[in-house]
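These are the residues of each chain, in order.
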Amino acid sequence: MNRFIGFIKKEFYHILRDRRSLFILFGMPIVQVMLFGFAITNEINNVDIAILDHSKDVNTKEIINKIATSKYFSIKGFIDHEDEIESTFKKGKIKAVLNFEKDFSKNLVTQKKATVQIVTDATDPNTANTISNYVGSILKNYQQELNQGLNLPYQIVPQTRMVFNPELKSVYMFVPGVMTIILMLVSAMMTSISITKEKELGTMEILLVSPLNPIQVIVGKVVPYILLSIINAAVIILLSIFVFKMPVQGSLFLLGAESTLFIVNALSLGILISTISSTQQTAMMISLMGLMLPVILLSGFIFPISSMPLPLQLISNIIPAKWFIMILKGIMLKGVGLAYVWKETLILIGMTIFFIVLSVKKYKIRLE
Amino acid sequence: MGIILNNISKSYANVPALDDISFEVAPGELFGLIGPDGAGKTTLFRILTTLLIQDRGNAAVAGYDVLKQYKDIRNHVGYMPGRFSLYQDLTVEENLTFFATIFGTTIEENYDLIKDIYIQIEPFKDRRAGKLSGGMKQKLALCCALIHKPKVLFLDEPTTGVDPVSRKEFWEMLKRLQQKNITILVSTPYMDEAELCDRIALITNGKILQINTPEAIIASFPKKIYKVRSSNTYQLIQDLRIYPDTHSAYPFGEYLHFTPKSEAFGPMDLSKYLEERHHKGIEVKETVATIEDTFMDLSKAQE
């Protein structure tokens, strides 16, 4: 046991003294989450919108004026009919259409309530969401101005309608994806590099001619990275919750446990890579090409698996990241418990055991 | 309990690296493996340290078979590879502690064994191993190989790339370690170091040329040997090679070492020949053979 602890201590020295790796380890997750997060939830400016005004009365004019004078929107056209909305969007410039109902002012006076529909082009779901929020707040402002000194308040009801992507499918989706990529990269690439480094520098030769057995070496290599990756996963989750206000619906404990499982899975892949490569560079290339690309392209992070051709759909099944992203989406966005993700969890456990057994078997107890 | 090799052969992709090697190293002996680069020394070390598997033959280290009991060997030998193989980003002390720990011991437990060596690098114990000088690196590597009190110590070219003063110190240390009953197998391309071993094996092209004490090897040199010098060394070696009575001629320090073919050779004949060829400052003197001369002679005979 002492031997093992001594080995782990040595690994921590390596990690903490290599500033570049340390930067990759901790800098990259933060930078990536920030980049993805801010690139997506950025503010909007001068977004082109069109107006479909069925009433053309005092109130709608005032509202249109308010919107036109705000720096967020510029009105680029007026249309006369609902049928034109889609074709307007298809031209690509206009991102939203404000659709005022018939008899807007009349409804406001008689029924104290009038409706305006905000139709957005949700191919870019984040912009769509931001636009409806901004229009909503402009409407609210106007409503407050109208209501000053009135006993029975008027109510302007904004109705949001998304075209093309009504369920807003990729909002917050980047968090599970980025988390998967980072855990994969840190865990698999870093371990495979740290093991091949020993081969390259010749220290593996001395480790082999010592009483350490393969399991002690492998586990000793992996334990520090498990700890670091767990810290990383926690940082990513905390950033998403506190910086991007992402709701985590499910149990944090389950989230942590599943993340740890995926980390161990990625680490065992890293060990496997190190057993087949003899230089740090090969290990890095294999990790990048063999792991990163499939994770990005075939895991469902960027391209939905259901829209892939059948052969790719089948291949995606052997990619651990696919299952982990499914688990993450389930827990984070839908708030489901283990009862709903047990199948994916079992698949991940099975893959992990397979990789570990394979790497222990492939680990060379000699030089050739 | 020392080292025994029986008919060890090993090839890499049909290129033979070791060809039918057999010898024994007695317990407590300081045994030298002398040969040029590519002679097969490292392959031999790797077979004995259980890192490679021989194609044929068998070997035992400290009484353990290199194949079947490789785990026992790994517990009881110290190995210092030819390339500096410690953790460069760890300090001197951390390296030593690490190797003590993985062998299940502590620095304190075996301190007396490494004390003489460690004292010299102790002032730098907080320095990273990568920042040490060549000689210091070797001392640290030796400490790390010794820290678990091995029965057999394997040193693969420990003095390559080390300055002459450190080399001398290093060999003095080996002599002291020998007193502590550790069997030492050391390889070196430097013939002058060979004379410091109890016995040596001359090895080239995967074959052993001779095994004996350094004195006996020198005494076995069959011919008279002359050191020859002139002001134009390059021309001298050209001329000696076409001289009809030349058996061998090769550079040796500032001289050429020359052995004649005939028993009747006299130094005056050679001086005269060289004068005819317009050499100046000619010097032809009989000298004592060295290990290198023997080595050159034996490898020439092998060809």
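Residues numbered from 1 in each chain as written. Chains lettered and ligands numbered in written order. Predicted model: local features only at pLDDT ≥ 70, side-chain atom pairs only at ≥ 80, totals over all residues. Heavy atoms only, no water.

### Remarks on a negative patch on the surface
Stated precisely, the cut-off is as follows: Here, patches come from residues exposed beyond 30% relative accessible area and free of salt bridges, joined within 9 Å for like charges and within 5 Å for nonpolar side chains (Val, Leu, Ile, Met, Phe, Trp, Tyr). For accessible areas, the Shrake-Rupley method is used with a probe of radius 1.4 Å. Any residue's cover is judged against the shown protein chains and nothing else. Put simply, a salt bridge is a Lys or Arg side-chain nitrogen that is within 4 Å of an Asp or Glu carboxyl oxygen. Residues counted as positive are Lys and Arg, residues counted as negative are Asp and Glu, and His and the chain ends are not counted. Each charge is placed at NZ for Lys, CZ for Arg, CG for Asp and CD for Glu. Each helix is a run of DSSP H or I of at least 4 residues and each strand a run of E of at least 2, with the numbering of both proceeding from the N terminus.
A cluster of like negative charges, contributed by Asp80, Glu82, Asp83 and Glu84 of chain A, occupies part of the molecular surface. Mapped onto the elements of the fold, Glu82 of chain A is located in the loop between strand 2 (73–79) and helix 4 (83–91).

### Topic: the packing of aromatic side chains
Condition: Two rings belonging to Phe, Tyr or Trp (six-membered ring only in the last case) form a pair when the distance between their centres is within 6.5 Å. Interplanar angles under 30 degrees mark stacking, angles over 60 mark edge-to-face geometry, and anything in between is tilted. Only protein chains enter the accessibility calculation, which uses a 1.4 Å probe. A residue is then buried if its area is under 20% of the maximum for its type, exposed if over 50%, and partly exposed in between. Both a distance and an angle decide whether a charge sits over a ring: NZ of Lys or CZ of Arg must be within 6 Å of the ring centre and within 35 degrees of the ring normal.
Inspection of every chain in the model, using the stated rule, returns 15 aromatic pairs over all chains. For the ring pair Phe100 of chain A and Phe104 of chain A, a centre distance of 5.6 Å and an interplane angle of 85° mean the geometry is edge-to-face. Assessed through its relative accessible area of 0%, Phe104 of chain A is described here as buried. Between the aromatic rings of Phe262 of chain A and Phe324 of chain A, the centroid separation amounts to 4.2 Å while the plane-to-plane angle is 0°, which identifies the pairing as stacked. Of this pair, Phe262 of chain A sits in helix 10 (residues 252–276) while Phe324 of chain A is found in helix 13 (residues 320–334), placing the two residues 62 residues apart along the sequence. Phe324 of chain A carries the same exposure label as Phe262 of chain A, and that label is buried. Linked through ring pairs, Tyr226, Tyr243, Phe258, Phe265 and Tyr273 of chain B together constitute an aromatic cluster. The residue whose ring lies beneath Arg366 of chain A is Tyr70 of chain B, and the NZ or CZ to ring-centre distance is 4.8 Å. For the cation-ring pair, Arg167 of chain B lies above Tyr190 of chain B, with the distance from its terminal atom to the ring centre recorded as 3.8 Å.

### Quick look at the sheet that holds strand 2 (residues 15–25) of chain B
All names here are of chain B. This is how it is decided: Strand pairing follows a simple DSSP-based rule, namely that at least 2 bridges must link the two strands. Any two residues whose heavy atoms approach within 4.5 Å at even a single point are treated as in contact. Where helices are involved, their axes are fitted lines through C-alpha atoms of the stretch in contact, as for all axes, and angles between N-to-C directions lie from 0 to 180°.
Read from one edge of the open sheet, 4 strands run 2-1-4-5, paired in antiparallel fashion. Whereas interior strands pair on both sides, the edge strands pair on one side only; in this sheet they are strand 2 and strand 5 (64–65). In this structure, strand 1 (residues 3–12) lies alongside strand 4 (residues 56–61), joined through 5 bridges in antiparallel fashion. Pairing of Ile4 across the sheet is with Ala60, part of strand 4. Helix 1 (residues 41–48) rests against strand 1, strand 2 and strand 4 of the sheet, and its axis sits at about 120° to strand 1.

### Quick notes on the domain arrangement of chain B
Residues and elements named next belong to chain B. Condition: The start and end points of each domain follow an automatic or database-based domain assignment. Summed over both partners, the accessible surface that disappears when two parts come together, traced with a 1.4 Å probe, is what is meant by buried area.
On domain assignment, one finds that chain B holds domain 1 (3–218) and domain 2 (222–302). A separation of 36 Å is found between the C-alpha centroids of domain 1 and domain 2. Both faces considered, domain 1 and domain 2 share a buried interface measuring about 1000 Å² in area, 78% of it formed by carbon and sulfur atoms. The largest share of the area that domain 1 buries against domain 2 comes from Met191, Leu209 and Ile218, three residues that together contribute 52% of it. Across the domain 1-domain 2 interface, the total number found is 0 salt bridges. Counting only elements with at least two residues in the side of domain 1 that touches domain 2, the list comes to helix 7 (191–194), strand 9 (199–204), strand 10 (207–212) and helix 8 (214–219). Examining the composition of the side of domain 1 that touches domain 2, we find that 4 residues originate from one element, strand 9, more than from any other.

### Re the pattern of salt bridges
Under the counting rule described, the total for this entry stands at 23 salt bridges over all chains. Among the ionic pairs, Glu11 of chain A bridges to Lys221 of chain A, the shortest N-O distance being 2.8 Å. Placement of the pair is Glu11 of chain A in helix 1 (residues 2–17) and Lys221 of chain A in helix 9 (residues 214–242), with a sequence separation of 210 residues. One exposure class covers both Glu11 of chain A and Lys221 of chain A, and it is buried. We note a salt bridge from Lys223 of chain B to Asp297 of chain B, for which the minimum N-O separation is 3.9 Å. Of the two residues, Lys223 of chain B sits in the loop between helix 8 and strand 11 (225–229) while Asp297 of chain B sits in helix 11 (residues 291–302), which places them 74 residues apart along the sequence. By relative accessible area, which is 29% here, Lys223 of chain B ends up partly exposed. What emerges from the salt-bridge pattern is a single network uniting Lys10, Glu11, Glu198 and Lys221 of chain A.

### Section: the sheet that holds strand 8 (residues 183–188) of chain B
All names here are of chain B. Strand order in the open sheet formed by 6 strands is 6-7-8-3-9-10, with mixed pairing between adjacent strands. On the outer flanks of this sheet lie strand 6 (77–80) and strand 10, each paired with one strand and no other. The average angle at which neighbouring strand axes cross in this sheet is 15°, direction not considered. Relative to strand 8, strand 7 (residues 152–156) is paired through 5 bridges, and the arrangement is parallel. Bridged to Leu155 within strand 8 is Val186. Docked against the sheet, helix 1 engages strand 3 (30–34), strand 6, strand 7, strand 8 and strand 9, running at close to 155° with respect to strand 8.

### A look at the nonpolar core
Put simply, the test is: Put simply, a nonpolar core is a bunch of buried Ala, Val, Leu, Ile, Met, Phe, Trp, Tyr and Cys residues held in one set by side-chain atoms that sit within 4.5 Å of each other.
Counting 151 residues, the largest nonpolar core has Val61, Leu142 and Phe154 of chain B as its most contacted members. The dominant element in this core, judged by the number of residues it contributes, is helix 7 (residues 174–201) of chain A, at 15 residues. Ignoring any residue separated from it by four or fewer positions in sequence, one finds Phe154 of chain B in contact with Ile3, Phe45, Leu48, Thr49, Val61, Val77, Gly78, Tyr79, Met80 and Leu185 of chain B. With 24 residues, the next largest nonpolar core counts Ala96, Phe100, Leu108 and Ile156 of chain A among its residues.

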